[in-house]
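# Coordinates in review
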Amino acid sequence: MRAIVIDDERLARKELITLLNQLETVEVVGEAVNVEDAKEKIEQLQPDVIFLDIQMPEKTGFDLLEELDQVPHVIFTTAYDEYALKAFQVNALDYLLKPVEPKRLEEAIQKLQGKIEGISRREEGGGFINQKKLTLEDQVFVKDGDRCWFVRLSNVRLFESDGNYIKVYFDNFKPMIHKSLNALDERLDEKSFFRASRKHIINLGWVEAIEPWFNGGLVVTLRGGDRIEVSRRQAARFKEMMSL
């Protein structure tokens, strides 16, 4: 597994890298000292996992996750245990307190191996960033105020434009992210997601019913009850995609 260690403290980075180098299943391919450095290294080196410090100058580890289009597996490393609850709220793979204990690190790596092997059985391909398009198996980081989530795209049923923000519908949540629907549309796999209108992108796997609507348009009902209008311009393409 290819790993990057992200921490502004040099000694902390070196100690963790030393521990990781003792494990046969992990290859440390890089290290970063802040968020901007980390973004560049992640894009360049395509890691399977990042070991991420939360408290760093200027921007935090959570800020980094919010700025990534595609999020690799994340194991948080920090000296501040008051962040533990927040880390688990975002469904991080694991959470390690500094100084990192070798046994806890091995447990985290074993958990990571199990997760990667499970994903590999479900799909062919390499690391998280090799795919040009975001697929159902990819996860995204969503932050709204003090609440954060890692969300697998297969669980997102709808994206809705709201001014300069997008409302992300999953489970019983509808957090807002600062992004344009056009930019998101370019990143999503068109086999799984459909631009229903200027305001909505729907997950085709959540479509439950389709009915005619005014002026040649359609109304799509998603599992859970959301009703989304498909514009007349998009209706013909939608029918073609959903037919045999």
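Preceding this paragraph is the structure being described.
Figured I'd write up the structure that's included with this text. (Residues numbered from 1 in each chain as written. Predicted model: local features only at pLDDT ≥ 70, side-chain atom pairs only at ≥ 80, totals over all residues. Heavy atoms only, no water.)

What follows deals with helix H1 (residues 10-21). Here H1 contains twelve residues, and its C-alpha end-to-end distance of 16 Å stays within 8% of the 16 Å for a straight helix at 1.5 Å per residue. Buried within H1 we find Ala12, Arg13, Leu16, Ile17, Leu19 and Leu20. Across the axial projection of H1, the buried residues extend over an arc of 160°, all falling on one side. Facing away from the buried side of H1 by more than 90 degrees, the exposed set consists of Arg10, Leu11 and Asn21. (Helix = DSSP H or I, 4+ residues; strand = E, 2+ residues; numbered from the N terminus. Expected span 1.5 Å × (residues − 1). Buried < 20%, exposed > 50% of the residue type's maximum accessible area, 1.4 Å probe, protein only. Arc of directions from axis to C-beta.)

Moving on to the sheet that holds strand E15 (residues 227-230). Reading across from one edge, E13-E14-E15 is the order of the three strands in this open sheet, with antiparallel pairing throughout. Across the chains shown, the open sheet's two edge strands, defined by having one partner strand only, are strand E13 (207-212) and E15. Going across the sheet, the axis of each strand differs from the next one's by a mean of 25°, ignoring polarity. Summarising the sheet, strand E14 (residues 218-222) and E15 pair through four bridges and their orientation is antiparallel. Looking across to E15, one finds that Leu218 is bridged to Val230. (Pairing = 2+ DSSP bridges. Axes fitted to C-alpha atoms, helices over the stretch in contact; angles between N-to-C directions.)

Inside soluble globular proteins, nonpolar side chains tend to come together where they are buried. In terms of nonpolar packing, the biggest core is built from 22 residues, with Ile6, Ile50, Leu52, Leu64, Leu65, Val74 and Phe76 touching the most fellow members. Breaking this core down by element, the ones donating at least two residues are strand E1 (2-6), helix H2 (35-45), strand E3 (49-53), helix H3 (61-67), strand E4 (73-78) and strand E7 (147-152). In terms of residues, this core owes the most to one element, H2, which gives four residues. Counting residues domain by domain, this core receives three or more from each of domain 1 (2-121) and domain 2 (139-242). Setting aside residues no more than four positions away along its own chain, Leu65 makes contact with Ile50, Leu52, Val71, Val74, Phe76, Phe141 and Phe150. (Core = buried A, V, L, I, M, F, W, Y, C linked by side-chain atoms within 4.5 Å. Domains from an automatic or database assignment. Contact = heavy atoms within 4.5 Å.)

Within the open sheet, the five strands sit side by side as E2-E1-E3-E4-E5. Their pairing is parallel. The two strands at the open ends of the sheet, each matched to only one other strand, are strand E2 (27-32) and strand E5 (94-97). Neighbour-to-neighbour, the strand axes of this sheet turn through a mean angle of 20°, independent of strand direction. Taken together, the four bridges between E1 and E3 define a ladder with parallel strand orientation.

Evaluated as defined, the whole model comprises 15 salt bridges. A salt bridge links Lys14 to Glu31; the shortest N-O distance between them is 3.1 Å. One end of the pair, Lys14, is in helix H1; the other, Glu31, is in strand E2, with 17 residues separating them in the sequence. Its relative accessible area of 32% is what places Lys14 among the partly exposed residues. Taking the shortest distance from any N to any O, the salt bridge between Asp226 and Arg157 comes out at 2.6 Å. Within this pair, whereas Asp226 is found in the loop between E14 and E15, its partner Arg157 is found in strand E8 (residues 156-162), the two being separated by 69 residues in sequence. A relative accessible area of 9% means that Arg157 is categorised as buried. (Salt bridge = Lys/Arg side-chain N within 4 Å of Asp/Glu carboxyl O.)

By themselves, these observations are geometric and do not establish any function.
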